[in-house]
Amino acid sequence: MRILFLGPPGAGKGTQCKKLAQEKHLPHLSSGDLLRDAVASGSPVGQAAKGYMEKGQLVPDHVLIDMFKERLSGKACSQGFILDGFPRNLAQAEALDSMLKEIKAPLDVVINLQLPDHLLTERITGRRTCPNKSCNEVYHITFHPAKDGKHCDKCGTELVQRSDDKEELVKERLKVYNDNTAPLIRYYDDALILRTVDANGNENDIFADLIKTLSSVSVKA
């Protein structure tokens, strides 16, 4: 099954994608992970991306598309994949569709994780992250607190609040999403492959709803 996840920051895309990847034995591809892997591999696409990143510039759409094409054309994705964090706007969505058509791997379904802005703000501002790069465990002061409230349960490192998880920046991130990425909901709904899942509640209950939603999806050849 070929799946794309949409949803604003804080909706739980990363959590649900990881659970689904384990459940369905599918590769979970996020744009950030692919960029890091491509740069580390030294491939032509990775070298192109590295050039932009070293200059502090955004990696242009055509390089991102080439990067996804390189990975999605590989054997690991022959039985399906889960896309997370790309596309972020209509131009990227159209370019992705053209590329997937070229490699004969069209999307089967787009999952839209839906949550009101005020709940998203509560989720994001309450996150605390372990800064130990070999751990990176994520907690929440309300929903998933560390045992002592201050240190990672796994490695003991003092937890931090990421700078972009502070309320003033969260509001800006949500505005960027609503302006640029939210129009993709209409785009994929018009393509008749959009399914919406309520992202409010326990992550296991949300996952159960996700699995139920996917059970009704017809997989393209």
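Residues numbered from 1 in each chain as written. Predicted model: local features only at pLDDT ≥ 70, side-chain atom pairs only at ≥ 80, totals over all residues. Heavy atoms only, no water.

> Give a description of the pattern of salt bridges that names residues and reports values.
One pass over the structure, following the stated rule, counts 13 salt bridges. The closest approach of N and O atoms between Arg173 and Asp165, which form a salt bridge, is 3.2 Å. Residue Arg186 pairs with Asp190 through a salt bridge whose shortest N-O separation is 3.3 Å. Placement of both Arg186 and Asp190 in helix α8 (residues 183–190) is noted, with a separation of 4 residues, approximately one turn of the helix. Neither residue differs from the other here; Arg186 and Asp190 are each classed as exposed. (Salt bridge = Lys/Arg side-chain N within 4 Å of Asp/Glu carboxyl O. Helix = DSSP H or I, 4+ residues; strand = E, 2+ residues; numbered from the N terminus. Buried < 20%, exposed > 50% of the residue type's maximum accessible area, 1.4 Å probe, protein only.)

> If you had to explain helix α6 (residues 117–125) to someone new, which residues and values would you point to?
Side chains that are three or four residues apart share a direction in an α-helix, a result of its 3.6 residues per turn. Among all positions in α6, only Leu119, Leu120, Thr121, Arg123, Ile124 and Thr125 are buried. Looking at the packing, one finds that the buried side of α6 touches β5 (127–129), β6 (138–140), α7 (167–181) and α9 (203–214). (Contact = heavy atoms within 4.5 Å.)

> Can you explain the nonpolar core? Please cite residues and give values.
Within the largest apolar cluster, 31 residues are counted, with the highest numbers of intra-cluster contacts made by Leu72, Phe81, Leu83, Leu107 and Tyr188. The set of elements that each furnish at least two residues to this core consists of β1 (2–6), α2 (31–41), α3 (44–54), α4 (61–72), β3 (81–84), α5 (90–102) and α8. Examining the composition of this core, we find that 6 residues originate from one element, α4, more than from any other. When neighbours within four sequence positions are excluded, Leu83 is seen to be in contact with Ile3, Leu4, Phe5, Leu29, Phe68, Leu72, Leu96 and Leu107. (Core = buried A, V, L, I, M, F, W, Y, C linked by side-chain atoms within 4.5 Å.)

> So, unusual backbone geometry: which residues are in play, and what are the values?
Residues Phe86 and Pro87 are joined by a peptide bond in cis, for which omega reads 10°. With respect to the helices and strands, Pro87 occurs in the loop between β3 and α5. Backbone geometry at His25 places phi at a positive 55°, although glycine is not the residue there. Looking at the secondary structure, you find His25 in the loop between α1 (13–24) and β2 (28–30).

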